[in-house]
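# Descriptive structure summary
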Amino acid sequence: TPGTTAPGTGDSTDVSMEAPGSGTLPQPDDVRGEMVLEAPGAEPLQDTGSSSAPAETPAEASQAADGGKAEMTAPGEPVRSGGWKQNEIGWYYVKEDGSYAFSQWLNQSDGAYWIDAAGYMAKGWRKIGGEWYYFRSSGVMAVNRWEEDGGKWFYLGSDGKIMKDTVTPDGYRVGSDGAWIVP
């Protein structure tokens, strides 16, 4: 049976979605092309109902939590250094020009990350551009490995997408929902 790693291998819509382990993959009612879904076994992570920038940016949330001292030098002034930052909500990324990453991929030395429409690093199952991906607790996209959810096993390919209706590189069959078909 599949383990936590595969043997032999070392647009998003702001709508609530079910995680792959919940059964068949649902189709969003709103097809604007953004993202966000529901974490396995949890309430929706977000539902802004809009593709515009969030009302509170990661830096504004951090500024409010830290009395305005931590991430911003003055209201409206950009952060002076880029990279990963964290506030009470989660991790976010500041670009070298001081702007914030939103709804985009970040390729880092340890793998790919998705920054959601609210500006935070994705974790868990996410549907992006019509495809399901899984982001580990570190935020890095799972690739070439099995992930268990709700008693079902799903294989994420080399591109990070959940594999469906095929045989995985290690020889297991997965169905139309991406779940391993137990022989």
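Note that this is a predicted model, so its numbers are computed, not measured. (Residues numbered from 1 in each chain as written. Predicted model: local features only at pLDDT ≥ 70, side-chain atom pairs only at ≥ 80, totals over all residues. Heavy atoms only, no water.)

The subject of this paragraph is the overall build of the chain. The number of helices and strands found in the chain is one helix and 10 strands. For the chain, the succession of helices and strands along the chain, N to C, is α-β-β-β-β-β-β-β-β-β-β. In the chain, buried positions account for 44% of the 183 residues. Total accessible area on the chain is roughly 9200 Å²; 47% of this is exposed by carbon and sulfur atoms. (Helix = DSSP H or I, 4+ residues; strand = E, 2+ residues; numbered from the N terminus. Buried < 20%, exposed > 50% of the residue type's maximum accessible area, 1.4 Å probe, protein only. Areas by Shrake-Rupley, 256 points an atom, 1.4 Å probe, with all protein chains shown as cover.)

Residues Trp125, Trp132, Tyr134, Ala142, Phe154, Leu156, Ile162 and Ala179 constitute the largest nonpolar core, which totals eight residues. Those elements that provide at least two residues to this core are β6 (131-135) and β8 (152-156). For Ala179, the residues in contact, after removing those within four places along its chain, are Lys152, Trp153, Phe154, Arg173 and Val174. (Core = buried A, V, L, I, M, F, W, Y, C linked by side-chain atoms within 4.5 Å. Contact = heavy atoms within 4.5 Å.)

Another point: the pairing of strand β2 (residues 91-94). With four bridges joining them, strand β1 (residues 83-86) and β2 adopt antiparallel strand pairing. Bridged to Lys85 within β2 is Tyr92. Linking β1 to β2, which pair antiparallel, is a turn of four residues. (Pairing = 2+ DSSP bridges.)

Our focus in this paragraph is the side chain of Thr168. On the secondary structure map, Thr168 appears in the loop between β9 (166-167) and β10 (173-174). A distance of 2.3 Å separates a polar atom in the side chain of Thr168 from a polar atom in the side chain of Asp170. Setting aside its immediate chain neighbours within four residues, Thr168 contacts Trp146, Tyr155, Met163 and Val174. (Polar contact = N/O pair within 3.5 Å; in protein donor to acceptor, adjacent residues only side chain to side chain.)

Applying the stated criterion to the full structure yields four salt bridges. Across the salt bridge formed by Asp116 and Arg126, the nearest N and O atoms sit 3.5 Å from each other. On the criterion of sequence distance, the pair formed by Asp116 in the loop between β4 (111-115) and β5 (124-128) and Arg126 in strand β5 is long-range, its members being 10 residues apart. Among the residues examined, Asp116 registers a relative accessible area of 5% and is labelled buried. For Lys152, the salt bridge goes to Asp177, with nearest N and O atoms at 3.9 Å. Note that Lys152 is positioned in strand β8 and Asp177 in the segment after β10, a separation of 25 residues in sequence. (Salt bridge = Lys/Arg side-chain N within 4 Å of Asp/Glu carboxyl O.)

Turning our eyes to something else, we now look at the pairing of β4. β4 sits mainly inside the fold: four of its five residues count as buried. Pairing analysis gives five bridges linking strand β3 (residues 104-108) to β4, with the strands arranged antiparallel. For Asn107, the partnering residue across the bridge sits in β4 and is Ala112. Counting the residues between successive antiparallel strands, the hairpin from β3 to β4 contains two residues.

All chains considered together, the criterion is met by 13 aromatic pairs. Both rings, one in Trp105 and one in Phe135, keep their centres 5.9 Å apart while their planes meet at 40 degrees; by these two values the pair is tilted. Of this pair, Trp105 sits in strand β3 while Phe135 is found in strand β6, placing the two residues 30 residues apart along the sequence. Three or more aromatic residues joined by ring pairs make a cluster, and in this case those are Trp105, Trp114, Tyr133 and Phe135. (Phe/Tyr/Trp six-rings, centres within 6.5 Å; stacked < 30°, edge-to-face > 60°.)

On to unusual backbone geometry, then. For Ser103, which is not a glycine, the phi torsion comes out positive at approximately 45 degrees. Along the polypeptide, Ser103 turns up in the loop between β2 and β3. One non-glycine residue, Asn144, lies in positive phi territory at about 50 degrees.

Let's shift gears to the confidence of the model for the chain. Looking at the chain, the pLDDT average stands at 71 and 56% of residues meet or exceed 70. Confidence over residues 22-55 falls short of pLDDT 50; this stretch has 86 contacts with residues more than four positions distant or in other chains. Within the model, the stretch residues 62-77 combines pLDDT values under 50 with 22 contacts to residues more than four positions away or in other chains. (pLDDT = per-residue confidence, 0-100.)

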